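Chain and residue survey
These are the residues of each chain, in order.
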Amino acid sequence: MTSGLWELVLKGVWVTIQLLVLGTLLATAVSFVVGIARTHRLWIVRFLAGFYTEVFRGTSALIMIFWVFFVLPITFGWQLVPLWAATLALGLTYGAYGSEIVRGALNAVDPAQREGGIALSFTPWQRMRLILLPQAVPEMIPPFSNLLVELLKGTALVSIIGMGDLAFSGNLVRLALQESAGVYTYVLLIYFVIAFLLTRGMRGLERKLKAGVGKGPGGATRAPEPVVVEAVR
């Protein structure tokens, strides 16, 4: 390929990385807010969070991108630029999946830890911040790693609204060179490299977080003291 075509591909990689970072930030925020709400003591909060989760899990990410980009301006009278429309659609969609990861990890914490927090007169927020989240977050990392890879692959959907991401740029290069096999092989390899770096980074984060709560490789607990004891010292 010529230098101009390589530059086009690199611009596409940059757009994809921007979408990945912004979508991850939004999806993470949504995951924790909705996931924690799914464990709330008030039924109306649990109902609203569950309704959100079911709606966004049950709809296509591609159609959601179309809806945000084309229908939202008609409904509310303002138009989002493609980058923010795609970020909103992907973040809300994948955040719904992430909320189930958060809910499941919180519910998996030993009930004795919750009871210990209640016995120590911790408020619900203190129990969440000091007891539940420190133990649940390390267990969220592996499924969140898979979700990030899915989000990376989901960024290719934005090419349908004309965003110059990696998939869109690869298609332009294919049309310019009239060659499919070589170009799409390069595109696949680039996606693989980004996903590989993501998973390696998440594994390192998982090891660091598990070490922080006294867990070694494979989740084996090295420290005999429960986290609730550590939290009040």
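Look up a bit, the structure's there.
Residues numbered from 1 in each chain as written. Predicted model: local features only at pLDDT ≥ 70, side-chain atom pairs only at ≥ 80, totals over all residues. Heavy atoms only, no water.

Let us look at the overall build of the chain. Secondary structure summary: the chain contains nine helices and zero strands in total. Counting from the amino terminus, the chain carries its helices and strands in the arrangement α-α-α-α-α-α-α-α-α. When the backbone C-alpha atoms are referred to their principal axes, the chain occupies close to 70 × 45 × 25 Å. Looking at the chain as a whole, 39% of its 233 residues are labelled buried. Total accessible area on the chain is roughly 12800 Å²; 68% of this is exposed by carbon and sulfur atoms. (Helix = DSSP H or I, 4+ residues; strand = E, 2+ residues; numbered from the N terminus. Buried < 20%, exposed > 50% of the residue type's maximum accessible area, 1.4 Å probe, protein only. Areas by Shrake-Rupley, 256 points an atom, 1.4 Å probe, with all protein chains shown as cover.)

Before going further, it helps to spend a moment on unusual backbone geometry. One non-glycine residue, Ser-121, lies in positive phi territory at about 65°. By secondary structure assignment, the location of Ser-121 is in the loop between helix 5 (111-119) and helix 6 (124-154). You will see that Gln-178, though not glycine, has its phi angle at about 55°, which is positive. Relative to the assigned elements, Gln-178 resides in the loop between helix 7 (166-177) and helix 8 (181-212). We classify Gln-178 as exposed; its relative accessible area is 67%.

The next point concerns helix 5. Of all the positions in helix 5, only Gln-113, Gly-116 and Gly-117 are classed as buried. What you see down the axis of helix 5 is that its buried residues fit within an arc of 100°, all on one side. In helix 5, the exposed residues that point more than 90 degrees away from the buried face are Glu-115, Ile-118 and Ala-119. Backbone geometry just downstream of helix 5 places Ser-121 in the positive-phi region, at approximately 65°. (Arc of directions from axis to C-beta.)

Further remarks concern the pattern of salt bridges. Taken as a whole, this structure holds six salt bridges when the rule is applied. Note that Glu-100 is salt-bridged to Arg-38, the shortest N-O span being 2.5 Å. One end of the pair, Glu-100, is in helix 4 (residues 82-107); the other, Arg-38, is in the loop between helix 1 (3-37) and helix 2 (43-57), with 62 residues separating them in the sequence. Relative accessible area serves as the criterion here: at 19%, Glu-100 is assigned to the buried category. In this structure, Arg-103 engages Glu-100 in a salt bridge whose closest nitrogen and oxygen atoms are separated by 3.1 Å. Of the two residues, Arg-103 and Glu-100 both sit in helix 4, three residues apart, roughly one turn of that helix. (Salt bridge = Lys/Arg side-chain N within 4 Å of Asp/Glu carboxyl O.)

Secondary-structure assignment places Leu-88 in helix 4. Judged by its relative accessible area of 28%, Leu-88 falls in the partly exposed class. On a C-alpha basis, the gap between Leu-88 and Leu-106 in space is 26 Å, while along the polypeptide they are 18 residues apart. With residues up to four places along the chain from it excluded, the contact list for Leu-88 reads Leu-26, Val-68 and Leu-80. (Contact = heavy atoms within 4.5 Å.)

Moving on, we get to the packing of helix 4 against helix 6. Across the interface, helix 4 lies against helix 6 with an axial gap of 8 Å and an inter-helix angle of 140°. Here helix 4 runs over helix 6; the crossing is right-handed. Here Leu-90, Tyr-94, Tyr-97, Gly-98, Ile-101, Val-102, Ala-105 and Leu-106 of helix 4 come into contact with helix 6, specifically with Met-128, Leu-132, Leu-133, Ala-136, Met-140, Pro-143, Phe-144, Leu-147, Glu-150, Leu-151 and Gly-154. Of the residues assigned to the contact of helix 4 with helix 6, the class counts are 16 nonpolar, two polar and one charged. (Axes fitted to C-alpha atoms, helices over the stretch in contact; angles between N-to-C directions. Left-handed = near helix turned anticlockwise from the far one by under 90°. Nonpolar A, V, L, I, M, F, W, Y, C, P; charged D, E, K, R; others polar.)

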